[in-house]
Amino acid sequence: MEKPVSVPKTGVKARSRTGATIVLSVGILLAILFAASTAYSGMKAGLTVAAGIPGAIIGSAVVRAFAKRQGFAGTNEMQGMASGGETIASGMIFVLPAVLLIGASINFFEAILVGTLGVLFGIGTASIVENHLLIDSKDTLIYPEAMAISETIRASANGGEGLKMMASGFAIGGTLTMLTGSMLGWINNHFVLYGAKDFKWKFELEVNPLLAGIGFIVGLQVAVQMFAGSVLANFAVVPLIGYFTDMAHGGATVWNASDSAINQLAFDGISGGYIRYLGAGMMLAGGIIGALKLVPVIGRSLKSALGGTQRRSAFGMMLLGFAIVATIGLAALFSGSLLIGLLGGSLAILMAFVFVVVAANLTGTLGTSNLPVSGMTIASLVLLTVLFVAFGWTGQSETRSLLLLATFVVTAISIGGGYAQTQKATELMKADRPKMQRRFLLAAVLGTITVVGVIVLLAGQLADTSDNAAFALPQANLIATLTSGILTGKLPFTIIFIGVVMGVVLHLLKLPVMTVAIGFYLPMATTAIILVGALIRKVVEGRKPAENAKRVQNGVSLSSGLIAGGSIVGLTGILLSVSGLLDHGTPGGVLAGNAAAFGLLILLAGAMLWVLRKRPQPEQPK
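Quick notes on the rules
Residues numbered from 1 in each chain as written. Predicted model: local features only at pLDDT ≥ 70, side-chain atom pairs only at ≥ 80, totals over all residues. Heavy atoms only, no water. Helix = DSSP H or I, 4+ residues; strand = E, 2+ residues; numbered from the N terminus. Buried < 20%, exposed > 50% of the residue type's maximum accessible area, 1.4 Å probe, protein only. Contact = heavy atoms within 4.5 Å. Areas by Shrake-Rupley, 256 points an atom, 1.4 Å probe, with all protein chains shown as cover. Polar contact = N/O pair within 3.5 Å; in protein donor to acceptor, adjacent residues only side chain to side chain. Salt bridge = Lys/Arg side-chain N within 4 Å of Asp/Glu carboxyl O. Axes fitted to C-alpha atoms, helices over the stretch in contact; angles between N-to-C directions. Parallel < 35°, antiparallel > 145°, perpendicular 65-115°, else oblique. Left-handed = near helix turned anticlockwise from the far one by under 90°. Nonpolar A, V, L, I, M, F, W, Y, C, P; charged D, E, K, R; others polar. Expected span 1.5 Å × (residues − 1). pLDDT = per-residue confidence, 0-100. Phe/Tyr/Trp six-rings, centres within 6.5 Å; stacked < 30°, edge-to-face > 60°. Lys NZ or Arg CZ within 6 Å of the ring centre and 35° of its normal. Core = buried A, V, L, I, M, F, W, Y, C linked by side-chain atoms within 4.5 Å.

Draft legend 1. Structural view of the overall build of the chain. The helix and strand tally for the chain stands at 24 helices and 4 strands. Relative to its full complement of 622 residues, the chain shows a buried share of 56%. A sequence separation of at least 24 residues applies to 84% of the contacts in the chain between residues at least 6 apart. Total accessible area on the chain stands at roughly 25,800 Å², and carbon and sulfur atoms take up 65% of it.

Shown next as structure tokens:
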């Protein structure tokens with residue numbers, strides 16, 4: 001009788017090493033791909049799409065085809081690296097192109113150093129509070145997009161009911177996104193109503209399956225708080241400004257346009273001129289309050305790290321310490337002023353520290369897709385610019401140094417949210433968080449090099465501020481305008497201070513300042529559809545949530561599919577559009593009005609409820 005042929009252990013190890021190499025190589029490619037595509041499309045259209053779920057789906061396919069031994073951990077590693085590259089672009093494009101808009105130039109290596117320090121600082125700071133946010137607060141911080149990523153990984157690999165729900169959600173989200181402005185543009189998905197001239201209100205809702213899925217995951221409480229902020233802005237503050245300025249009979253003009261009477265502005269004009277600055281003030285208050293509330297947590301984490309009991313925190317402390325010293329040194333070197341390095345660098349570090357902690361915390365309730373990076377950046381930039389004005393640093397070279405410091409801050413903030421979400425997904429998948437930390441760091445550095453390269457290559461077009469400019473750069477234009485406004489003294493400091501007071505009042509009323517402020521700052525179109533998703537969850541839960549727990553879990557899987565379908569098709573549409581392969585259509589006739597948007601809303605809600613209509617059968621024992 002022949003003996004069975006045994007497989008040498010060296011062969012198993014070799015296959016395992018090969019699978020690990022494939023996973024790492026694909027992860028690097030995804031980091032570069034998502035960094036480049038997000039930077040290009042974001043500067044073109046002002047829109048970025050989170051890469052976690054697309055990365056998870058791509059990663060699952062790679063693991064099944066080439067690296068089965070890597071399993072969930074390999075898929076998670078690839079999605080985390082995809083997120084690392086995309087996260088860099090989603091933050092850096094807000095500020096760095098503003099250097100070009102003020103007439104200055106970007107040095108390739110200088111910008112890479114600034115972005116890399118933002119990466120090191122963001123990861124170092126977030127890792128200090130990582131255990132508290134991911135483990136100790138798991139009952140209060142659910143990290144909805146991380147949950148969606150983990151559901152995507154499991155559904156893609158295991159099949160079964162979860163996969164069916166994922167597939168249904170993907171089909172619904174992908175189809176609706178394809179038909180609307182994100183891709184083909186055949187049907188209007190933006191429902192909007194305006195009030196009369198004597199009461200200037202606005203109600204709007206964007207039928208976006210991705211946001212509806214997020215609403216289902218975050219639940220009713222968070223959704224209502226965000227929507228309350230939008231109601232405050234759209235039905236109280238803007239109408240109040242319109243009411244009082246109507247009494248001026250043309251005597252009152254817009255703060256930054258002396259030839260424009262406020263009483264001639266419609267809702268959008270008042271909102272654009274005032275609401276975003278009130279929102280920035282509210283988020284400044286919320287950011288500082290949130291960071292102060294986490295001081296004990298930060299202290300305990302620092303003590304644990306310095307005591308050598310947590311290797312993750314110790315490594316984070318090393319990154320953080322290096323980034324602090326290097327930031328102050330490079331700020332002095334690049335600006336040619338030791339005082340700018342010490343004062344400007346220190347203030348940038350303080351603002352980055354505060355908002356990285358807040359971003360990592362806030363991602364636990366909203367996900368990175370709705371993280372108000374621009375609002376926190378504006379708040380930081382205002383304080384930095386005030387410092388520069390106080391010391392008379394108002395020349396172009398000093399303004400350039402200011403914007404590079406702001407680039408460091410926005411990169412750190414964006415990384416803080418992306419890192420926390422990636423590590424939460426890693427925790428949910430029971431994968432190796434220290435390893436993911438290293439992979440995310442590698443992906444973010446590669447993303448920094450890629451994004452800076454794209455900006456430098458397109459510098460000539462990005463500097464174009466004419467009406468027919470190839471790139472809209474909405475966020476960078478806002479940053480450039482804000483910076484110039486402070487340096488020239490033409491900024492509504494009173495409005496920003498009122499926003500701070502409003503934030504403090506919300507805190508005294510024991511309301512979540514940042515959540516309400518986000519709703520105040522974001523368009524109601526966004527918060528309204530998030531509320532719709534949360535209401536659908538409430539319907540699914542019914543009066544007995546415990547009995548319907550499995551149905552709600554299916555709803556989470558369905559919502560994960562909505563997020564996946566909306567994000568992948570939306571990203572594809574943007575890439576096809578900016579590459580010239582696809583022209584967005586223009587809805588006509590009945591498809592262009594509110595009736596079409598309302599019909600899409602009914603279709604979306606009806607499809608979600610229909611898929612979840614049946615009570616799930618209990619799993620049979622194996």
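Draft legend 2. Local environment of the side chain of Thr180. One can find Thr180 in the loop between helix H8 (160–179) and strand S1 (190–194). Look at Thr180 and you get buried, because its relative accessible area is 3%. Here the side chain of Thr180 touches Thr177 through a polar contact of 3.2 Å, landing on its backbone oxygen. Contacts of Thr180, omitting those with residues within four sequence positions, involve Gly185, Ile187, Asn189 and Leu600.

Draft legend 3. Structural context of the environment of Ala443. Summarising the element assignment, Ala443 is placed in helix H17 (residues 433–457). For the pair Ala443 and Leu29, spaced 414 residues apart in sequence, the C-alpha to C-alpha distance is 9.2 Å. Apart from the residues lying within four places of it in its own chain, the contact partners of Ala443 are Ala31, Met81, Gly84 and Gly85.

Draft legend 4. Representation of unusual backbone geometry in the model. For Tyr143, which is not glycine, the phi dihedral falls at a positive 50 degrees. On the secondary structure map, Tyr143 appears in the loop between helix H6 (130–136) and helix H7 (144–158). Even without a glycine there, the phi angle at Lys510 is positive, about 60 degrees. Looking at the secondary structure, you find Lys510 in the loop between helix H20 (493–508) and helix H21 (513–521). Here Lys510 falls in the exposed class, since its relative accessible area comes to 76%.

Draft legend 5. Region of interest: the pattern of salt bridges. A full pass over the atoms with the stated rule returns 8 salt bridges. Between Arg433 and Glu130 there is a salt bridge; the shortest N-O distance is 2.6 Å. In this pair, Arg433 sits in helix H17 while Glu130 sits in helix H6, placing the two residues 303 residues apart along the sequence. Exposure remark for Glu130: the relative accessible area of 3% places this residue in the buried category. Between Glu541 and Arg537 there is a salt bridge whose closest N-O contact spans 3.3 Å. Residue Glu541 and its partner Arg537 are located together in helix H22 (residues 524–541), separated by 4 residues, close to a single helical turn. Each member of the pair Glu541 and Arg537 is classed as buried. Within this structure, Glu77, Lys435 and Arg439 form a network of salt bridges that share partners.

Draft legend 6. Expanded view of the packing of helix H5 (residues 108–128) against helix H16 (residues 396–428). H16 packs onto H5 with a crossing angle of 40 degrees between their chain directions and a minimal axis gap of 7 Å. As far as their axial angle goes, H16 and H5 are oblique. Viewed along their axes, H5 and H16 form a crossing whose handedness is right-handed. Every residue of H16 that contacts H5 at Glu110, Val114, Gly115, Leu117, Gly118, Val119, Phe121, Gly122, Ile123, Ala126 and Ser127 is listed here: Arg400, Leu404, Thr407, Phe408, Thr411, Ala412, Ile415, Gly416 and Tyr419. Here the residues of the contact of H5 with H16 are counted per class, giving 11 nonpolar, 7 polar and 2 charged.

Draft legend 7. Representation of H22 within the structure. Over its 18 residues, H22 extends 25 Å from the first C-alpha to the last, a length consistent with the 26 Å expected when each residue adds 1.5 Å. Among the 18 residues of H22, 15 are classified as buried, and the element is accordingly described as predominantly covered. The positive-phi residue at the C-terminal boundary of H22 is Gly542, with phi of around 65 degrees.

Draft legend 8. Structural view of the confidence of the model for the chain. Residues at a pLDDT of 70 or more form 86% of the chain, whose mean pLDDT is 82. This model gives residues 1–5 a pLDDT under 50, and the stretch forms 0 contacts once residues within four places in sequence are excluded.

Draft legend 9. Broad picture of the packing of aromatic side chains. For the structure shown, the criterion picks out 8 aromatic pairs. When the ring of Tyr419 is compared with that of Phe440, the centres are 5.7 Å apart and the planes differ by 70 degrees; the resulting orientation is edge-to-face. Pair noted here: Tyr419 is in helix H16 and Phe440 is in helix H17, with a separation of 21 residues, a long-range link. Taken together, the ring pairs in this structure connect Phe388, Phe391 and Trp393 into an aromatic cluster. The positively charged end of Arg613 is found above the aromatic ring belonging to Trp610, 4.0 Å away from the centroid.

Draft legend 10. A look at the nonpolar core. Grouped together as the largest cluster of nonpolar side chains are 171 residues, with contacts concentrated most on Met43, Leu96, Phe408, Val451 and Leu604. Leaving out residues up to four positions away in the same chain, Leu96 has contacts with Ile106, Ala111, Leu404, Thr407, Val452 and Ile455. Counting residues in each nonpolar core, the second largest holds 10 residues, with Leu30, Val62, Ala67 and Met78 among its members.

Draft legend 11. Expanded view of the packing of H5 against helix H14 (residues 338–366). Between H5 and H14, whose axes approach to 9 Å, the crossing angle comes to 50 degrees. When the axes of H5 and H14 are compared, the pair comes out oblique. For the pair H5 and H14, the sense of crossing is right-handed. Every residue of H14 that contacts H5 at Phe121, Gly122, Thr125 and Ala126 is listed here: Ile349, Ala352, Phe353, Val356 and Val357. Residue composition of the contact of H5 with H14, by class: 7 nonpolar, 2 polar and no charged.

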